[in-house]
Amino acid sequence: MYYAIISEDKENSLEDRLAARPEHILRLKDLNEEGRLLIAGPHPAIDSEDPGSAGFTGSLVVAEFPSLADAQQWADEDPYITAGVYKKVTVKPYKKVLP
């Protein structure tokens, strides 16, 4: 089943986000190579593809996991958690309908 991992950044997270990004992206690439990643990306703080110093307000990952507990564990081990980028992470089941 798919699970949505909806994360909210702390204030002024850009520096910490950039430092932890390589490890964060590696984990997403692993999910993608396993055919389990549906979508992933950040939420820009402003209406722009490249928000520059405005940074990001959070992230969304939708991926397949065996259970909610497995999805939660994966989310809890994200390098952005360790780096203190996220202030809140919500994990919940997701049902893909379209496309």
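Above this text you will find the structure in question.
Predicted, not measured: the structure shown is a model, and the values here were computed from it. (Residues numbered from 1 in each chain as written. Predicted model: local features only at pLDDT ≥ 70, side-chain atom pairs only at ≥ 80, totals over all residues. Heavy atoms only, no water.)

### A word on the environment of Val97
With respect to the helices, strands and loops of the structure, Val97 is situated in the segment after strand 4 (86-94). Sequence separation of Val97 and Val85 is 12 residues, and the distance between their C-alpha atoms is 31 Å. (Helix = DSSP H or I, 4+ residues; strand = E, 2+ residues; numbered from the N terminus.)

### Quick notes on the pattern of salt bridges
As enumerated under the stated definition, the model contains 4 salt bridges in all. In this structure, Arg17 and Asp9 form a salt bridge, with 2.9 Å as the shortest nitrogen-oxygen distance. (Salt bridge = Lys/Arg side-chain N within 4 Å of Asp/Glu carboxyl O.)

### Comments concerning a nonpolar patch on the surface
Taken together, the side chains of Leu38, Ile39 and Tyr94 present a nonpolar region at the surface, about 240 Å² in accessible area. Relative to the assigned elements, Leu38 resides in strand 2 (residues 37-44). (Patch = residues over 30% accessible without salt bridge, like charges linked within 9 Å, V, L, I, M, F, W, Y side chains within 5 Å. Areas by Shrake-Rupley, 256 points an atom, 1.4 Å probe, with all protein chains shown as cover.)

### Notes on helix 2 (residues 68-76)
Looking only at helix 2, the buried set comprises Ala71, Trp74 and Ala75. Projection of helix 2 onto a plane perpendicular to its axis shows the buried side chains occupying an angular sector of 100°, all on one side. Where helix 2 is buried, its residues touch strand 1 (2-9), helix 1 (14-33), strand 3 (56-64), helix 3 (79-82) and strand 4. (Buried < 20%, exposed > 50% of the residue type's maximum accessible area, 1.4 Å probe, protein only. Arc of directions from axis to C-beta. Contact = heavy atoms within 4.5 Å.)

### Regarding the environment of Val91
Summarising the element assignment, Val91 is placed in strand 4. Between the C-alpha atoms of Val91 and Gln72, which are 19 residues apart in sequence, the distance is 6.1 Å. Not counting the four nearest positions on each side in its chain, Val91 is found in contact with Tyr3, Ala4, Ile5, Leu68, Ala71, Gln72 and Ala75.

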